[in-house]
Amino acid sequence: MKDYLEHNNLKNLKDDSELERKIQLILRVGKVLMESGADTNRIVRNMKRVGVFMKIPERRLQIHITFTTIMININTGDKSITNFQKCYRHGVDMTAISGVSKLSWRAIEQDYSLYEFEKELRFICLRKRYYKKPLVMISAGLACGGFSLLFGGDLWAFIYTSICAMIGYWTRLKCNLLKFNPYASITISAFVATICAYFIHFMPTNTPWHPLIACSLFIVPGIPLINAIDDLVDNFITAGMTRAMNTLLMIGSMTFGIAFAIKLCQVQDFTSLSLSSNSFFICAIAAAVAAIGFATIFNMPPRLLIVVACGAIISVGVRNFLMLEYDCSQATASLVGAVIVSLLSLKAVHIVHAPSHVLTIPSVIPLIPGVFMYRLLFSIINLENVDNMNYHHVLNNGVNTTLILLAIAVGVAIPNIFFRNYINKLKEDKLMFLVKAKSK
């Protein structure tokens, strides 16, 4: 069947002007997905699906992707054509990822013309985000406030954290508007949010340090980290290593801003801060608020907000239950929570018609180990004052932080690790069925 389709479609590659147009459209699809925060496997899969829609035989379309460059090569039999596309802006837009995925299927099912495909792709690129910047700023603040509740903070800590995070997010928006280096923007916004939290901690609250811990968590690069793990697992080593390095630079920039603020304010040691949590009900509400806040930052369609809120409640509920009832480590409990949400998302995609990562990533963001991260940061800042007896505490904080972050990322990647081939086979069978039906 594939040989027949290839032979039948080779004539579509003879028109140079039309072939150039097809190449540019495939590259634009890859660019939209890369700049919207899609993992490399998804980018390649969608580009190949678009190639099938354009009647380009799959084995004649070669794709190479790095974090900043997309390259495709098409061999027509008579000649070989290679084109590049640079990707300069990297953000997160879940609506664009979902929209491109649906468009690639719809173009095949409804037998689009190139003009119709290009028109809808342009609409996805130019469509305004669902949420205005003031609303996103408020959502980012509430998300960080939700984290303070998850860490055991009281209602006043939630309010103070939200205010400080809003100020920090507003600062980052202004830095981006002034075209600052993205890592400098992260450093400045983390510094401003932490400074604000330090002065607010004198306000009446039973948990004065929780705003300092949670106010900068809107910067945590959860999606770059998860995408890096996904790419490495899927053997896209170059793209995965580049994403991992970008994640480290973002975390380093965030750490520098927080550390500078802590040093400037001469913050006292709070590494013994209790990990006590609020009730299951309060944690469920806080997890939902945090997930919805991040989903707003990621420009997720409003209809999916309740879905990710339920996912966050499940992931945090499972983690807390395992930690409190079965005395599991936080890393193990976080892994189980992330795995359960990832597996549930495989079924939910057929109900809500959205890619699994769009549902999973905001749902596991509330699992981030903020307290351990700050314990490690404070230990590193004051390393010269740490005696030999306390070095194991520094090491323990570092190991716990790393293990929990990796557990979350690996938990999200579990479907890719064990079910990727099965899922790809189902999609390939569906694709071949559609192509065969259209060729009759």
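Located above this text is the structure these notes cover.
Let us look at the structure shown here. Remember, it's a predicted structure, so these values are computed and weren't measured experimentally.

Overview of the pattern of salt bridges
Then step 1. Summed over the entire model, instances satisfying the criterion amount to nine salt bridges.
Then step 2. With a closest N to O distance of 3.1 Å, R21 and E118 form a salt bridge. On the criterion of sequence distance, the pair formed by R21 in helix 2 (residues 16–35) and E118 in helix 5 (residues 114–126) is long-range, its members being 97 residues apart.
Then step 3. Of the residues examined, R21 reaches a relative accessible area of 34% and is grouped as partly exposed.
Then step 4. On the basis of relative accessible area, E118 is assigned to the buried category, the value being 16%.
Then step 5. With a closest N to O distance of 3.8 Å, D39 and R42 form a salt bridge. As far as burial versus exposure is concerned, D39 and R42 are alike and both buried.
Then step 6. Several salt bridges converge on common partners, so that one network encompasses R21, R28, E118 and R122.

Overview of the packing of helix 8 (residues 182–200) against helix 11 (residues 237–265)
Then step 1. In the contact formed by helix 8 and helix 11, the axes pass within 8 Å of each other and the chain directions differ by 35 degrees. The two elements helix 8 and helix 11 cross, and the hand of that crossing is right-handed.
Then step 2. The residue makeup of the contact of helix 8 with helix 11, split by class, is 16 nonpolar, five polar and no charged.

Describing the nonpolar core
Then step 1. F53, M54, F117 and F147 are the most contacted members of the largest nonpolar core, which has 99 residues in total.
Then step 2. No other element matches the nine residues that helix 2 contributes to this core.
Then step 3. In contact with F147, not counting residues within four places along its chain, are A214, L217, A290, F294, I365, P366 and I368.
Then step 4. In terms of nonpolar packing, the next biggest core, distinct from the first, is built from twelve residues, C196, L212, C215 and A261 among them.

Some remarks on empty space enclosed by the protein
Then step 1. A complete count under the given rule lists three cavities of 30 Å³ or more for this structure.
Then step 2. Of the volumes computed, that of the largest cavity is approximately 140 Å³.
Then step 3. V220, G222, L225, I368 and L405 are, among the 15 residues lining the largest cavity, the residues nearest its centre.
Then step 4. Among the residues making up the lining of the largest cavity, the classes are represented as 13 nonpolar, two polar and no charged.

Side note on the side chain of N246
Then step 1. Along the polypeptide, N246 turns up in helix 11.
Then step 2. When its relative accessible area of 14% is taken as the criterion, N246 is described as buried.
Then step 3. In this view, N246 contacts F67, Y183 and P224; residues no more than four positions away in its chain are not counted.

Let's talk about the environment of A333
Then step 1. Inspection of the secondary structure puts A333 in helix 14 (residues 330–352).
Then step 2. For A333, a relative accessible area of 0% gives the class buried.
Then step 3. Sequence separation between A333 and V318 is 15 residues, and the spatial gap between their C-alpha atoms is 7.1 Å.
Then step 4. With sequence-adjacent residues up to four places away left out, A333 is seen in contact with R319, L322 and M323.

Focus: the sheet that holds strand 3 (residues 80–86)
Then step 1. Pairing is antiparallel across the open sheet formed by three strands, whose spatial order is 1-2-3. Looking at which strands have only one partner, the edges of the open sheet turn out to be strand 1 (61–65) and strand 3. Mean inter-strand twist for the sheet, computed between neighbouring axes without regard to direction, equals 15 degrees.
Then step 2. Pairing between strand 2 (residues 69–75) and strand 3: seven bridges, direction antiparallel. Note on strand 3: the bridge partner recorded for I74 is I81.
Then step 3. With respect to the sheet, helix 3 (residues 40–53) is in contact with strand 1 and strand 2, its orientation differing from that of strand 1 by roughly 155 degrees.

What counts as what
- Residues numbered from 1 in each chain as written.
- Predicted model: local features only at pLDDT ≥ 70, side-chain atom pairs only at ≥ 80, totals over all residues.
- Heavy atoms only, no water.
- Salt bridge = Lys/Arg side-chain N within 4 Å of Asp/Glu carboxyl O.
- Helix = DSSP H or I, 4+ residues; strand = E, 2+ residues; numbered from the N terminus.
- Buried < 20%, exposed > 50% of the residue type's maximum accessible area, 1.4 Å probe, protein only.
- Axes fitted to C-alpha atoms, helices over the stretch in contact; angles between N-to-C directions.
- Left-handed = near helix turned anticlockwise from the far one by under 90°.
- Nonpolar A, V, L, I, M, F, W, Y, C, P; charged D, E, K, R; others polar.
- Core = buried A, V, L, I, M, F, W, Y, C linked by side-chain atoms within 4.5 Å.
- Contact = heavy atoms within 4.5 Å.
- 1 Å grid on protein atoms, 1.4 Å probe; cavity = no way out; pocket = protein on both sides within 12 Å on 5 of 7 lines; lining within 4 Å.
- Points joined across faces, edges and corners; volume = space filled by probe spheres on them.
- Pairing = 2+ DSSP bridges.

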